[in-house]
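Architecture and fold: a report
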Amino acid sequence: MTNRRLSNSTLKALPASVAAPRYDRGGVAPGIVHLGVGAFHRAHQAAYVDDCLAAGEADWGIVGVSLRSPDTRDALAPQDGLYTLAIRSSIGEELRVVGSILSLLVAPEDPAAVLAALTDQRTRIVTLTITEKAYLRAAGGGLDSTHPDIVHDLASPQMPRTAHGFLTEALSRRRAAGIQPFTVLCCDNLPANGATLHRLLVEFAALRDSRLATSGDARLAASGDARLAAHIADGVAFPSSMVDRIVPATTDADRARIAVELGVEDAWPVMTEPFCQWVVEDDFPAGRPAWEKFGVTMVGDVGPFEDMKLRLLNGSHSAIAYLGLLSGDDTVDRAFADPAIRQFVDGLWAEAIPTLPQDAGLDTAGYTAQLAERYSNTALAHRTAQIANDGSQKLPQRIVASALDRLGAGDPPAHLMLVVAAWIAACEARGKTLPEAHFTDPIDARLTALGSRPADETVTAIFDLAGFAKDHSHRMTLIDLTAAHLERLRRGGTAAALAALGIGSEKP
């Protein structure tokens, strides 16, 4: 085995079976800064941009930014930003080397370099995949102004830690320099993600404005910088988008297999499925790549597509993850092969589909059939523990919103609330039937502090901690349903909980 690395110098030596950039990477200019350059971005947006570069749109290269860890930079910088995308299905694997990431920065190491990239007049779009928890929302959905990193960024705007701080400071500098604002394109699974990020950033900028207004700094007041919130509210575009592609964690076995196929080493290839979807609201005052030429759906309103994905795909993914963990299934395809879990997912979809917009032309039957095929992909090995992370942040939009809509229409959400109970039961199983740190959640410390309580007390406390259905008239109904499910899970496991829904539990 050679120890040569994938890089610009080794591209030409790759086997003909491996798709690789044929454009001149040296002639590509940066036009996009991406915050949160993890595996999903590299399997999704970066691949679409790579298609555009190959078609001759050479001014849309990506500057990748890690807001926390240097791991991605350390893996890809010696490879000139190149990496392998392994597209896996039950019938085989296709390898593609992606070249759209031109450089990588690590924000904690050099925030000034990140701000310089964001302020560069060539940067016309900033995309984000920073996961739900990094938006630092309080229980009510607004900005958590007490979070230590938000407090830090308000006090030290020149040395930000958060996406809020970086975006706001960069927009301030661009405004002062007379440079058109970039478009902010959120690609995370948040409800109305563009509008949500817009609101959070305006809230952050308003807090910053307030600090400046009371600082006694006449120069800043005269510059108009104390009115940045209004500028962001009225002058910066935040289109919403919906993204979809399953991206399992890369293993050492994946690295070894791909190195053999390439003939060179790749420190961090990315695994994914053939399916890929991106629906984007077409609002880009500073311009954008011609994504629609490569399968991106450009629309006026992404809302219906987003709701379908969150409630049907993400909701069922969480269900499969938590029920799978409780049943001893470590991958999605194994859990979905369990007839009882498969039947439960059908029931979950039957509850969620009526909560979707009925006049938006959504093909829910075709969509769920496609999901069933994707979940059955035995080559993907998507770990249930990976999906299980951050349930308190994910379940409100994936499950609780559907359940509240069901109750509002006078229909019971029995399948939906079993997902919440399964999450709680899976959290309780860590350190017992599951490894201690098998998956994590932002409220883990407070969950542990709850100790062992009766099901109704546990569920009420967790609804309080996570802010589920806060102040909603149907909150107690959801708590009662969840507590009944949790009691059955505690006493008889998934078999008892599913049997209460009329579902059998035998495996083939």
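This text follows the structure it describes.
Residues numbered from 1 in each chain as written. Predicted model: local features only at pLDDT ≥ 70, side-chain atom pairs only at ≥ 80, totals over all residues. Heavy atoms only, no water.

Points about the pattern of salt bridges
According to the stated counting rule, one finds 28 salt bridges in the structure shown. When the shortest N-O distance is used, the salt bridge between aspartate 149 and arginine 161 registers 3.3 Å. Taken together, the residues span a long stretch of sequence, with aspartate 149 in helix α5 (residues 148–155) and arginine 161 in the loop between α5 and α6 (163–177) at a distance of twelve residues. (Salt bridge = Lys/Arg side-chain N within 4 Å of Asp/Glu carboxyl O. Helix = DSSP H or I, 4+ residues; strand = E, 2+ residues; numbered from the N terminus.)

Things to note about unusual backbone geometry
Working note: non-glycine residues mostly have negative phi, and peptide bonds are mostly trans. Non-glycine residue alanine 381 carries a positive phi angle of around 50 degrees. For alanine 381, the location among the structural elements is in the loop between α14 (364–375) and α15 (384–388). The phi dihedral of aspartate 390 is positive, around 65 degrees, even though this residue is not glycine. Within the secondary structure layout, aspartate 390 lies in the loop between α15 and α16 (391–408).

What about the nonpolar core?
Of all hydrophobic cores here, the largest spans 68 residues; its most connected members are Tyr322, Phe344, Val420, Trp423 and Leu478. Here this core takes 13 residues from helix α17 (residues 414–429), the largest share from any one element. With residues up to four places along the chain from it excluded, the contact list for tyrosine 322 reads Ala388, Gly391, Leu395, Val419, Ala422, Trp423 and Ala426. In this structure, Leu154, Ala170, Cys186 and Leu197 belong to the second largest nonpolar core, which totals 37 residues. (Core = buried A, V, L, I, M, F, W, Y, C linked by side-chain atoms within 4.5 Å. Buried < 20%, exposed > 50% of the residue type's maximum accessible area, 1.4 Å probe, protein only. Contact = heavy atoms within 4.5 Å.)

Concerning the pairing of strand β3 (residues 83–89)
Most of β3 sits inside the fold, with seven of its seven residues counted as buried. Neither face of β3 is open: one carries Tyr83, Leu85, Ile87 and Ser89, the other Thr84, Ala86 and Arg88, and all of them are buried. Sheet analysis places β3 next to strand β4 (residues 92–98), joined by seven bridges and oriented antiparallel. Looking at β4, one finds that threonine 84 is bridged to valine 97. The turn linking β3 back onto β4 is made up of two residues. Across three bridges, β3 lies against strand β9 (residues 270–272) in parallel orientation. Considered in β9, the bridge of alanine 86 is made with methionine 271. (Pairing = 2+ DSSP bridges.)

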